[in-house]
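Architecture at a glance
Chain by chain, the residues:
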Amino acid sequence: AQSVTQLGSHVSVSEGALVLLRCNYSSSVPPYLFWYVQYPNQGLQLLLKYTTGATLVKGINGFEAEFKKSETSFHLTKPSAHMSDAAEYFCAVRKSGGYQKVTFGTGTKLQVIP
Amino acid sequence: GAVVSQHPSRVICKSGTSVKIECRSLDFQATTMFWYRQFPKKSLMLMATSNEGSKATYEQGVEKDKFLINHASLTLSTLTVTSAHPEDSSFYICSARGQGENTEAFFGQGTRLTVV
């Protein structure tokens with residue numbers, strides 16, 4: 001079985017401040033990990049993903065995440081928040097080795113305060 | 001990334017009627033499509049997985065006779081909500097992936113269904 005826990009359903013940051021969205025996972029096999037962003041009444045857009053190799057993954061819009069196996073974490077960060085970053089963010093996991101279904105976290109709503 | 005188009009983006013229907021939602025892959029062949037339901041302030045719940053030309057595989061607790069899924073071609077899958085009730089009101093999202101072990105899925109824009 002696999003699962004994802006996102007700590008904090010709501011996170012507020014000031015414009016220009018560091019963004020940190022937390023994600024911890026559990027998986028019985030090496031996982032593939034993802035972060036998606038969802039704007040109101042829209043589908044999901046892939047921000048970044050980790051499969052194998054380098055544990056620090058850079059994605060779109062200045063976001064990055066680091067896979068830490070020892071901590072079973074895949075936290076999402078951005079050095080400086082923009083107003084346009086306000087959205088819902090979902091961490092997701094699936095098993096490696098052939099395509100498996102994706103399990104999503106419950107989401108974190110990011111608010112950016114001007 | 002690849003483009004997945006979902007239509008309609010919003011639909012309002014009366015109780016007891018059926019409504020069809022389309023999911024199209026515009027620039028790739030989608031061997032597998034997924035249908036999700038998203039409740040307010042909740043995560044995405046996988047409803048079913050469909051492979052082109054095969055019957056859909058439904059997740060536990062999802063009524064296959066109520067949520068009919070057809071994946072008749074490599075670019076189109078449809079979800080039909082039959083005999084809709086107000087509790088079926090939700091945001092439905094599809095995703096599609098092509099061939100290849102590490103091919104990722106791309107998401108449609110979602111459909112807001114309101115049953116009145």
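Definitions and limits used
- Residues numbered from 1 in each chain as written.
- Chains lettered and ligands numbered in written order.
- Predicted model: local features only at pLDDT ≥ 70, side-chain atom pairs only at ≥ 80, totals over all residues.
- Heavy atoms only, no water.
- Core = buried A, V, L, I, M, F, W, Y, C linked by side-chain atoms within 4.5 Å.
- Buried < 20%, exposed > 50% of the residue type's maximum accessible area, 1.4 Å probe, protein only.
- Helix = DSSP H or I, 4+ residues; strand = E, 2+ residues; numbered from the N terminus.
- Salt bridge = Lys/Arg side-chain N within 4 Å of Asp/Glu carboxyl O.
- Disulfide = S-S within 2.5 Å.

1. Comments concerning the nonpolar core
Core analysis: the biggest nonpolar cluster contains 26 residues, and Trp35, Leu48, Leu76 and Tyr89 of chain A have the highest contact counts within it. Looking at this core, the elements with two or more residues in it are β2 (10-14), β3 (19-27), β4 (31-38), β5 (44-50), β7 (64-68), β8 (73-78), β9 (87-95) and β11 (108-113) of chain A.

2. Considering the pattern of salt bridges
Here the structure, examined in full by the defined rule, presents four salt bridges over all chains. Asp85 of chain A is paired through a salt bridge with Lys78 of chain A; the nearest N and O atoms lie 2.9 Å apart. Each member of the pair, Asp85 of chain A as well as Lys78 of chain A, carries the same accessibility label: buried. With a closest N to O distance of 2.8 Å, Lys66 of chain B and Asp88 of chain B form a salt bridge. One end of the pair, Lys66 of chain B, is in the loop between β6 (57-58) and β7 (67-73); the other, Asp88 of chain B, is in the loop between β8 (76-81) and β9 (90-97), and 22 residues separate them in sequence. Accessibility classification places Lys66 of chain B together with Asp88 of chain B in one group, the buried group.

3. Considering the state of the cysteines
Tallying each qualifying case throughout the model produces two disulfides over all chains. Sulfur-sulfur distance for the disulfide between Cys23 of chain A and Cys91 of chain A comes to 1.9 Å. Taking the sign of the S-S torsion, -65° for the link of Cys23 of chain A and Cys91 of chain A, the bridge is left-handed. Of this pair, Cys23 of chain A sits in strand β3 while Cys91 of chain A sits in strand β9, placing them 68 residues apart in sequence. As far as the burial class goes, Cys23 of chain A and Cys91 of chain A line up, both buried. Paired through a disulfide, Cys23 of chain B and Cys94 of chain B show a sulfur-sulfur distance of 2.0 Å. Judged by the sign of its S-S torsion, about 80°, the cystine formed by Cys23 of chain B and Cys94 of chain B is right-handed. With a gap of 71 residues between them, Cys23 of chain B in strand β3 (residues 19-25) and Cys94 of chain B in strand β9 connect regions that are remote in the sequence. For Cys23 of chain B, a relative accessible area of 0% corresponds to the buried category. Judged by its relative accessible area of 0%, Cys94 of chain B falls in the buried class.

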